Amino acid sequence: MNDDVRNIVLGVVATAISGGFGWFSRTYLWRRTLRRKQAFFGLPTGSDCVFVVNRQMGGTEGSVHRNDAFALLEISALIKDCAANLRIVSHDSARQGFGERAEFCVGGPVSNVRTAAHLASMLPGVRVDVSTEPGPDRGVIRVGEETFRWERGQVDHVLLARLTTGPGTRPVFLISGQTAISNQAGARYLARHHQALARKYGNDSFCVVLKVINSEAYGPDVVELAADVTRAARTPAAAVA
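Procedures and definitions
Residues numbered from 1 in each chain as written. Predicted model: local features only at pLDDT ≥ 70, side-chain atom pairs only at ≥ 80, totals over all residues. Heavy atoms only, no water. Helix = DSSP H or I, 4+ residues; strand = E, 2+ residues; numbered from the N terminus. Buried < 20%, exposed > 50% of the residue type's maximum accessible area, 1.4 Å probe, protein only. Contact = heavy atoms within 4.5 Å. Areas by Shrake-Rupley, 256 points an atom, 1.4 Å probe, with all protein chains shown as cover. Core = buried A, V, L, I, M, F, W, Y, C linked by side-chain atoms within 4.5 Å. Pairing = 2+ DSSP bridges. Axes fitted to C-alpha atoms, helices over the stretch in contact; angles between N-to-C directions.

Colleague: Would you explain the overall build of the chain in this entry?
Modeller: When helices and strands are tallied, the chain shows 7 helices and 10 strands. Within the chain, the proportion of its 241 residues that are buried is 44%. Counting only contacts in the chain whose residues sit at least 6 apart along the sequence, the fraction spanning at least 24 positions is 66%. Entry remark: accessible area of the chain is about 12,800 Å², with carbon and sulfur atoms responsible for 54%.

Given below as C-alpha coordinates:
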(Lines give C-alpha, C1' and ligand atoms only; values in the text may rest on other atoms or scores of the structure.)
Protein backbone atom coordinates (compact mmCIF):
# COMPACT_ATOMS: atom_id res chain seq x y z
CA MET A 1 0.00 0.00 0.00
CA ASN A 2 1.55 3.29 -1.06
CA ASP A 3 1.36 6.51 0.89
CA ASP A 4 -1.50 8.00 -1.13
CA VAL A 5 -3.78 5.01 -0.61
CA ARG A 6 -2.88 4.85 3.06
CA ASN A 7 -3.74 8.53 3.54
CA ILE A 8 -7.09 8.06 1.80
CA VAL A 9 -7.95 5.08 4.00
CA LEU A 10 -6.93 6.91 7.16
CA GLY A 11 -9.00 9.91 6.10
CA VAL A 12 -12.07 7.76 5.52
CA VAL A 13 -11.63 6.01 8.87
CA ALA A 14 -11.17 9.34 10.69
CA THR A 15 -14.28 10.77 9.02
CA ALA A 16 -16.31 7.70 9.98
CA ILE A 17 -15.13 7.85 13.59
CA SER A 18 -15.80 11.59 13.80
CA GLY A 19 -19.25 11.20 12.25
CA GLY A 20 -20.12 8.30 14.54
CA PHE A 21 -19.01 10.22 17.62
CA GLY A 22 -21.01 13.27 16.52
CA TRP A 23 -24.12 11.14 15.96
CA PHE A 24 -23.70 9.49 19.36
CA SER A 25 -23.26 12.86 21.08
CA ARG A 26 -26.33 14.37 19.41
CA THR A 27 -28.41 11.30 20.23
CA TYR A 28 -27.26 11.33 23.85
CA LEU A 29 -28.04 15.03 24.28
CA TRP A 30 -31.43 14.63 22.58
CA ARG A 31 -32.37 11.72 24.85
CA ARG A 32 -31.21 13.54 27.95
CA THR A 33 -33.24 16.62 27.00
CA LEU A 34 -36.27 14.43 26.32
CA ARG A 35 -35.96 12.66 29.68
CA ARG A 36 -35.78 15.99 31.49
CA LYS A 37 -38.83 17.29 29.63
CA GLN A 38 -40.75 14.10 30.39
CA ALA A 39 -39.81 14.31 34.07
CA PHE A 40 -40.86 17.96 34.32
CA PHE A 41 -44.22 17.39 32.70
CA GLY A 42 -44.77 13.96 34.28
CA LEU A 43 -45.12 12.40 30.84
CA PRO A 44 -43.01 9.27 30.38
CA THR A 45 -43.27 7.55 27.01
CA GLY A 46 -46.69 5.97 26.49
CA SER A 47 -48.25 7.56 29.57
CA ASP A 48 -51.70 9.15 29.69
CA CYS A 49 -52.58 12.73 30.57
CA VAL A 50 -55.72 14.84 30.60
CA PHE A 51 -56.45 18.32 29.34
CA VAL A 52 -59.31 19.89 31.29
CA VAL A 53 -60.97 22.44 29.06
CA ASN A 54 -63.13 25.26 30.37
CA ARG A 55 -66.33 26.68 28.90
CA GLN A 56 -66.61 29.91 26.94
CA MET A 57 -68.00 32.74 29.01
CA GLY A 58 -71.36 33.78 27.59
CA GLY A 59 -71.36 30.90 25.11
CA THR A 60 -73.51 27.82 24.88
CA GLU A 61 -72.91 24.84 27.12
CA GLY A 62 -69.84 22.94 25.95
CA SER A 63 -68.54 25.77 23.74
CA VAL A 64 -64.84 26.68 23.94
CA HIS A 65 -63.31 30.06 23.18
CA ARG A 66 -60.94 29.97 20.22
CA ASN A 67 -58.02 31.24 22.33
CA ASP A 68 -58.57 28.37 24.76
CA ALA A 69 -58.53 26.03 21.77
CA PHE A 70 -55.21 27.60 20.76
CA ALA A 71 -53.94 26.93 24.29
CA LEU A 72 -54.83 23.27 23.76
CA LEU A 73 -52.73 23.26 20.59
CA GLU A 74 -49.75 24.75 22.46
CA ILE A 75 -49.98 22.01 25.10
CA SER A 76 -50.68 19.16 22.69
CA ALA A 77 -47.37 19.84 20.91
CA LEU A 78 -45.53 19.32 24.21
CA ILE A 79 -47.41 16.11 24.88
CA LYS A 80 -46.61 14.80 21.40
CA ASP A 81 -42.90 15.54 21.92
CA CYS A 82 -43.00 13.42 25.08
CA ALA A 83 -44.71 10.53 23.21
CA ALA A 84 -47.62 10.58 25.67
CA ASN A 85 -51.36 10.17 25.10
CA LEU A 86 -53.81 13.04 25.51
CA ARG A 87 -57.43 12.85 26.63
CA ILE A 88 -59.59 15.97 26.56
CA VAL A 89 -62.32 16.30 29.19
CA SER A 90 -64.79 19.05 30.02
CA HIS A 91 -64.24 20.92 33.29
CA ASP A 92 -67.57 19.75 34.73
CA SER A 93 -66.99 16.06 33.94
CA ALA A 94 -63.41 15.67 35.22
CA ARG A 95 -64.40 13.88 38.40
CA GLN A 96 -61.10 12.30 39.38
CA GLY A 97 -58.26 12.83 41.80
CA PHE A 98 -54.80 14.04 40.91
CA GLY A 99 -51.35 12.51 41.03
CA GLU A 100 -51.98 9.35 39.00
CA ARG A 101 -51.62 11.07 35.62
CA ALA A 102 -50.42 14.47 34.45
CA GLU A 103 -53.09 17.11 34.07
CA PHE A 104 -53.30 20.42 32.25
CA CYS A 105 -56.14 22.56 33.54
CA VAL A 106 -56.93 25.75 31.63
CA GLY A 107 -59.24 28.62 32.57
CA GLY A 108 -60.11 30.70 35.62
CA PRO A 109 -62.45 29.56 38.40
CA VAL A 110 -65.43 31.29 36.80
CA SER A 111 -65.29 29.17 33.65
CA ASN A 112 -63.61 26.05 35.08
CA VAL A 113 -64.87 24.38 38.26
CA ARG A 114 -61.81 22.13 38.24
CA THR A 115 -59.60 25.22 38.54
CA ALA A 116 -61.69 26.41 41.48
CA ALA A 117 -61.16 23.05 43.19
CA HIS A 118 -57.39 23.11 42.61
CA LEU A 119 -57.10 26.66 43.94
CA ALA A 120 -59.03 25.78 47.08
CA SER A 121 -57.13 22.58 47.84
CA MET A 122 -53.58 23.30 46.65
CA LEU A 123 -53.26 27.11 46.42
CA PRO A 124 -55.27 28.40 49.39
CA GLY A 125 -53.47 31.74 49.34
CA VAL A 126 -54.90 32.67 45.94
CA ARG A 127 -58.14 34.64 45.79
CA VAL A 128 -59.82 35.40 42.48
CA ASP A 129 -62.76 37.76 42.11
CA VAL A 130 -65.45 35.76 40.33
CA SER A 131 -68.01 38.51 39.85
CA THR A 132 -69.32 38.97 36.33
CA GLU A 133 -70.51 42.57 36.77
CA PRO A 134 -68.32 45.38 35.43
CA GLY A 135 -66.12 47.02 38.05
CA PRO A 136 -62.49 47.66 39.05
CA ASP A 137 -62.22 44.36 40.92
CA ARG A 138 -63.63 42.13 38.19
CA GLY A 139 -61.28 39.20 37.65
CA VAL A 140 -58.68 40.55 40.06
CA ILE A 141 -56.14 38.01 41.36
CA ARG A 142 -54.89 38.44 44.91
CA VAL A 143 -52.02 36.42 46.31
CA GLY A 144 -50.88 37.29 49.80
CA GLU A 145 -50.45 41.06 49.82
CA GLU A 146 -50.11 41.40 46.05
CA THR A 147 -52.97 42.38 43.75
CA PHE A 148 -53.08 41.83 39.98
CA ARG A 149 -55.82 43.76 38.18
CA TRP A 150 -57.24 43.31 34.72
CA GLU A 151 -57.31 46.28 32.35
CA ARG A 152 -59.27 45.31 29.26
CA GLY A 153 -57.00 44.96 26.24
CA GLN A 154 -54.04 46.55 28.05
CA VAL A 155 -53.04 44.33 30.97
CA ASP A 156 -54.07 40.72 31.50
CA HIS A 157 -52.67 38.36 34.12
CA VAL A 158 -52.46 34.61 34.24
CA LEU A 159 -51.56 32.31 37.10
CA LEU A 160 -49.21 29.52 35.98
CA ALA A 161 -48.54 26.74 38.47
CA ARG A 162 -47.00 23.29 38.62
CA LEU A 163 -48.55 21.37 41.53
CA THR A 164 -47.65 18.00 43.00
CA THR A 165 -48.84 16.20 46.11
CA GLY A 166 -45.60 14.36 46.83
CA PRO A 167 -42.66 12.42 45.38
CA GLY A 168 -43.57 10.06 42.57
CA THR A 169 -46.88 11.72 41.78
CA ARG A 170 -47.71 13.27 38.41
CA PRO A 171 -48.09 17.06 38.31
CA VAL A 172 -51.06 19.30 37.66
CA PHE A 173 -50.30 22.30 35.46
CA LEU A 174 -52.74 25.08 36.20
CA ILE A 175 -53.18 27.95 33.73
CA SER A 176 -55.73 30.31 35.25
CA GLY A 177 -56.03 33.54 33.28
CA GLN A 178 -58.24 36.58 33.61
CA THR A 179 -59.20 36.22 29.93
CA ALA A 180 -59.10 33.57 27.23
CA ILE A 181 -56.15 35.27 25.54
CA SER A 182 -54.21 35.22 28.80
CA ASN A 183 -54.90 31.49 29.03
CA GLN A 184 -53.29 31.09 25.62
CA ALA A 185 -50.40 33.32 26.69
CA GLY A 186 -49.82 31.14 29.76
CA ALA A 187 -49.80 27.97 27.66
CA ARG A 188 -47.40 29.53 25.16
CA TYR A 189 -45.11 30.72 27.97
CA LEU A 190 -45.04 27.21 29.41
CA ALA A 191 -44.22 25.73 26.01
CA ARG A 192 -41.43 28.21 25.34
CA HIS A 193 -39.89 28.48 28.80
CA HIS A 194 -40.33 25.01 30.33
CA GLN A 195 -36.57 24.40 30.28
CA ALA A 196 -35.88 27.58 32.23
CA LEU A 197 -38.67 26.73 34.68
CA ALA A 198 -37.26 23.23 35.13
CA ARG A 199 -33.77 24.62 35.80
CA LYS A 200 -35.13 27.01 38.42
CA TYR A 201 -37.68 24.80 40.19
CA GLY A 202 -36.66 21.27 39.23
CA ASN A 203 -39.62 18.95 39.59
CA ASP A 204 -41.04 20.80 42.60
CA SER A 205 -44.25 22.81 42.82
CA PHE A 206 -44.22 26.46 41.86
CA CYS A 207 -46.68 29.27 41.19
CA VAL A 208 -45.98 32.42 39.19
CA VAL A 209 -48.09 35.27 37.85
CA LEU A 210 -47.48 36.36 34.26
CA LYS A 211 -48.36 39.76 32.84
CA VAL A 212 -49.71 39.91 29.29
CA ILE A 213 -49.02 43.34 27.83
CA ASN A 214 -51.38 45.08 25.41
CA SER A 215 -53.11 41.92 24.24
CA GLU A 216 -55.40 44.01 22.05
CA ALA A 217 -52.41 44.84 19.84
CA TYR A 218 -49.94 42.02 20.47
CA GLY A 219 -52.19 39.08 21.30
CA PRO A 220 -50.58 36.44 23.56
CA ASP A 221 -46.99 37.12 22.45
CA VAL A 222 -45.73 39.84 24.81
CA VAL A 223 -45.53 38.26 28.25
CA GLU A 224 -43.35 39.01 31.26
CA LEU A 225 -42.97 37.49 34.68
CA ALA A 226 -44.90 39.65 37.15
CA ALA A 227 -44.15 37.77 40.37
CA ASP A 228 -43.12 34.45 41.86
CA VAL A 229 -45.86 33.84 44.41
CA THR A 230 -45.11 30.21 45.28
CA ARG A 231 -44.85 30.68 49.04
CA ALA A 232 -47.78 33.10 49.40
CA ALA A 233 -50.01 31.01 47.13
CA ARG A 234 -49.49 27.90 49.27
CA THR A 235 -50.11 29.76 52.54
CA PRO A 236 -53.81 30.00 53.50
CA ALA A 237 -55.18 33.51 53.11
CA ALA A 238 -56.32 33.56 56.73
CA ALA A 239 -52.78 32.91 57.91
CA VAL A 240 -51.46 35.77 55.76
CA ALA A 241 -54.12 38.11 57.11
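Colleague: Looking at this model, I keep getting lost on the nonpolar core. Mind explaining?
Modeller: Inside soluble globular proteins, nonpolar side chains tend to come together where they are buried. Counting residues in hydrophobic clusters, the biggest one holds 31 residues, and the most contacted among them are Phe41, Leu43, Ile75, Phe104, Leu160, Leu190 and Leu197. Broken down by secondary-structure element, the contributors of at least two residues to this core are helix H1 (3-41), strand E1 (48-53), helix H2 (66-81), strand E3 (102-106), strand E7 (155-163), strand E8 (172-177), helix H4 (180-201) and strand E9 (206-213). Tallying contributions element by element places H4 first for this core, with 7 residues. Here Leu197 is in contact with Phe40, Leu160, Tyr189, Leu190, Gly202 and Phe206, once residues within four sequence places are set aside. Residues Val52, Cys105, Cys207 and Val209 belong to the second largest nonpolar core, which totals 21 residues.

Colleague: Explain the sheet that holds E1 to me, please; I cannot follow it from the model alone.
Modeller: Hydrogen bonds between backbone atoms are what pair the strands of a sheet, whose relative direction is either parallel or antiparallel. Across the sheet, 7 strands lie side by side as E2-E1-E3-E8-E7-E9-E10; this open sheet has mixed pairing. With one partner strand each, in any of the chains shown, strand E2 (85-90) and strand E10 (223-228) form the two edges of the open sheet. Across the sheet, the mean angle separating the axes of adjacent strands is 20 degrees when strand polarity is ignored. Both E1 and E2 contribute to a ladder of 6 bridges, which runs parallel. Paired with Val53 across the bridge in E2 is Ser90. Sitting on the sheet, H2 touches E1, E2, E3 and E8, and the angle it makes with E2 is about 155 degrees.

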